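# Topology and contacts: notes
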Amino acid sequence: MPSVFIKTYGCQMNERDSEAVAAQLVAKGWSLAPSEKAADVVLLNTCSVRDFAEQKAIGKMQNIAADVRKNRPGVVLGFMGCMAQSRGQELIDKLPDVDLVLGTQKFHRAADYLDEIISGAREKIVDVAEEQGSEATIRDHLLNGSAKTSVSAFVSIMQGCNQYCTFCIVPYTRGEERSRTIPDIVAECRELVSRGVKEITLLGQIVTSYGKRSGVAAGILPAVESGFQPGGQALNSSKHLKVSQVVPGGKMPPSTAGGTPAATSPFVQLLDAVHEIEGLERIRFTSPHPKGYGDDLIDAYARLPKLVESAHLPVQSGSDRVLKLMHRGYTREQFVGIIKKLRRARPDIGITTDIIVGFPGETDEDFEETLSLAREVEFDNAYIFKYSQRRDTPAATMPDQVPQKIREERNKRLLETVNEIAARKYKQFVGRQVQILVEGPSRKNPARMTGRTSCNKIVLFDGSDRHRGQLMDLKITRAGSFTLYGDPAIVNL
Ligand code: SAM
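Criteria and thresholds
Residues numbered from 1 in each chain as written. Predicted model: local features only at pLDDT ≥ 70, side-chain atom pairs only at ≥ 80, totals over all residues. Heavy atoms only, no water. Near = heavy atom within 4 Å. Polar contact = N/O pair within 3.5 Å; in protein donor to acceptor, adjacent residues only side chain to side chain. Areas by Shrake-Rupley, 256 points an atom, 1.4 Å probe, with all protein chains shown as cover. Helix = DSSP H or I, 4+ residues; strand = E, 2+ residues; numbered from the N terminus. Nonpolar A, V, L, I, M, F, W, Y, C, P; charged D, E, K, R; others polar. Buried < 20%, exposed > 50% of the residue type's maximum accessible area, 1.4 Å probe, protein only. Lys, Arg positive; Asp, Glu negative; His and termini not counted. Salt bridge = Lys/Arg side-chain N within 4 Å of Asp/Glu carboxyl O. Contact = heavy atoms within 4.5 Å. Core = buried A, V, L, I, M, F, W, Y, C linked by side-chain atoms within 4.5 Å. Phe/Tyr/Trp six-rings, centres within 6.5 Å; stacked < 30°, edge-to-face > 60°. Lys NZ or Arg CZ within 6 Å of the ring centre and 35° of its normal. pLDDT = per-residue confidence, 0-100. Pairing = 2+ DSSP bridges. Axes fitted to C-alpha atoms, helices over the stretch in contact; angles between N-to-C directions.

### Side note on the site of the ligand
Inspection of the region around the ligand gives 14 residues, with Gln-205, Ser-287, Gln-316, Asp-354 and Ser-388 positioned closest. At 2.8 Å from a nitrogen atom of the ligand is found a main-chain nitrogen or oxygen belonging to Gln-205. The contact in question runs from an oxygen atom of the ligand to an N or O atom on the side chain of Gln-316, over 2.7 Å. Computed on the free molecule, the ligand has an accessible area of 560 Å², of which 91% lies beneath the protein chains in the complex. Put simply, the parts of the chain that give the shell around the ligand at least two residues each are strand 13 (350-357) and strand 14 (381-386). Partitioned by chemical class, the residues of the shell around the ligand number six nonpolar, four polar and four charged.

In structure tokens:
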């Protein structure tokens, strides 16, 4: 049987899609090649969020294709994922050595298409069509691919995004929001936990919109508008069914209001259902939208102990003017209001964000607002992106595109501010006792073990493989940049 090497660019959703494709091929008897040089099939799972990611994948494929043409004709080459979706046939026109272009709703067809190409039944295949129900096909895991049990696993709960932020290509590459059912997701999580998984990360392009769109499948309530309005109140509509009638397991979630249970969004219903799985220690999710942090989700943070003390809220800008141009649907004040509520619910919560600098029309004053937001919120970490023009997005043709040099300067200044704050916050951990979930040996130094706190800080310590999968208390002895060092021997029991 052939061997495959999949190289993944971009987000955790892409990592998960690659894993599902690899698992699909392994189930058919394929093997996983250790590198592209040793593989019969090389697939690049691409990202389109920024031009840089696209150029990297195209450059990589050019190099692989040149090598294959010269030394190993017969190797099958393919693009999959977001760039495959947005560029389609154009990729084969540009790189004629490529045999397969597989769109974001077609991952489950990978094995069949590769068989057809390898057997000679078809020479080239481009499939970027929409496919109903494809959101439920990202199911296979590779846990048994390694001899060790994976402590942490990703579960795809939905695909697509309907938010249409003016800078973002995701709605065009991932399509409309489509959600899997709660029973289907819970079954996958249970199966993972039965195989030793302790932490599950629920994945989607906009997880807080889970189950809100038409075509909502069995097991989920009709869409409940959950978000905030200018007064900062959750927009939980009472016209919908009571949660207790439908949440699998039939438990009535308590309410912050005391008495009447708050109507909960489908996403919070899903959190409730996953939370009931025995043996599961931690629940994470990504990527949410700040608009999705209604009172029901804040409430979930207060009452679900398995929901980690960590939240990622991509703010994108600190300026209301820019937020409006981006079509984000919240103001700076509303964003800060959510952070305050989250910190009230979980005082030690780690807050991370995404920020774009140099969005079209962003003035020096707008950028100063972003700097001041970073100082006000004191993010534990921020992923900072220089704005990148994406085809077919409204922002690409907006006036006043910011010169590259200014984007770079702002990127540098914001990074310095964020890093300074983060370093201070990391230092505050020294001397504190924390609990980590041990994931395995550190990649950089396999003599050390690595784990993460509930607030998502990486902790390294001198341990051994018997610690893998354990929740362990240790004392933090030192803080590096975005890493803590701990000692399990000096905890106060
Ligand atoms: N739906 C996800 C979200 O909103 O969080 C998108 C995930 S995307 C991989 C992560 C981040 O990329 C976004 O939050 C945004 O900060 C950044 N991004 C998206 N489009 C961009 C663009 N055109 N230029 C620069 N950064 C961009």
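### Considerations on the side chain of Arg-282
Turning to its location among the elements, Arg-282 is positioned in strand 11 (residues 282-286). The side chain of Arg-282 is buried and forms no salt bridge, while Glu-199, the nearest opposite charge, is found at 4.0 Å.

### Quick look at helix 9 (residues 295-303)
Residues lying three or four places apart along an α-helix face the same way, a consequence of the helix completing one turn every 3.6 residues. Extensive coverage of helix 9 is indicated by the burial of seven of its nine residues. Asp-296, Leu-297, Ile-298, Asp-299, Ala-300, Tyr-301 and Arg-303 are the residues of helix 9 that are buried. Buried residues along helix 9 sit against helix 8 (266-275), strand 11, strand 12 (310-312) and helix 11 (332-345).

### A word on the nonpolar core
Counting residues in each nonpolar core, the largest one holds 71 residues, and the members touching the most others are Leu-202, Leu-271, Phe-285 and Leu-342. Counting 24 residues, the second-largest nonpolar core is a separate cluster that includes Val-42, Ile-64, Ala-65 and Met-83.

### Some remarks on unusual backbone geometry
With an omega of 5 degrees, the peptide bond between Thr-286 and Ser-287 qualifies as cis. Counting through the fold element by element, Ser-287 comes out in the loop between strand 11 and helix 9. The backbone phi angle of Asp-392 is positive, close to 65 degrees, even though this residue is not glycine. One non-glycine residue, Phe-482, lies in positive phi territory at about 60 degrees.

### Overview of the packing of aromatic side chains
In total, this model carries nine aromatic pairs according to the counting rule given. With centroids separated by 6.5 Å and ring planes inclined at 45 degrees, the aromatic side chains of Phe-285 and Tyr-293 adopt a geometry described as tilted. Classification of Phe-285 as buried rests on a relative accessible area of 9%. Members of the aromatic cluster, joined through ring pairs, are Phe-267, Phe-285, Tyr-293 and Tyr-301. Stacked on the ring of Tyr-9, the Lys or Arg Lys-7 has its end atom at 5.3 Å from the ring centre.

### A closer look at the environment of Leu-100
The topology assignment puts Leu-100 in strand 5 (residues 100-102). Relative accessible area serves as the criterion here: at 1%, Leu-100 is assigned to the buried category. Along the chain, Leu-100 and Tyr-113 lie 13 residues apart, while their C-alpha atoms are 7.9 Å from each other. In this structure Leu-100 touches Leu-43, Leu-77, Gly-78, Phe-79, Tyr-113, Leu-114, Ile-117 and Ile-125, once residues within four positions along its chain are discounted.

### Some remarks on the confidence of the model for the protein chain
For the protein chain, the average pLDDT comes to 90, and 88% of its residues sit at 70 or higher. Overall, residues 222-261 carries pLDDT values under 50, and its contacts beyond four positions in sequence, including any with other chains, amount to 79 contacts.

### A few points about the sheet that holds strand 7 (residues 152-156)
The parallel open sheet is built from three strands, whose spatial order is 7-10-11. Edge strands, defined here as strands with exactly one partner in the open sheet, are strand 7 and strand 11. The sheet shows a mean angle of 25 degrees between the axes of neighbouring strands, taken without regard to direction. Looking at chain direction, strand 7 and strand 10 (residues 199-203) are connected through five bridges and run parallel. Bridging from a neighbouring strand, Ala-153 pairs with Ile-200 of strand 10. On top of the sheet, helix 1 (residues 12-27) reaches strand 7, strand 10 and strand 11; it is set at about 95 degrees to strand 7, its chief contact.

### Observations concerning the sheet that holds strand 13
Here three strands make up an open sheet; going across it, the order is 12-13-14 and the pairing parallel. Every other strand in the sheet has two partners, leaving strand 12 and strand 14 as the edge strands with one partner each. For this sheet the average axis-to-axis angle between neighbouring strands, irrespective of direction, equals 15 degrees. Here strand 13 runs beside strand 14; their pairing, made up of six bridges, is parallel. The partner of Asp-354 across the bridge, within strand 14, is Tyr-383.

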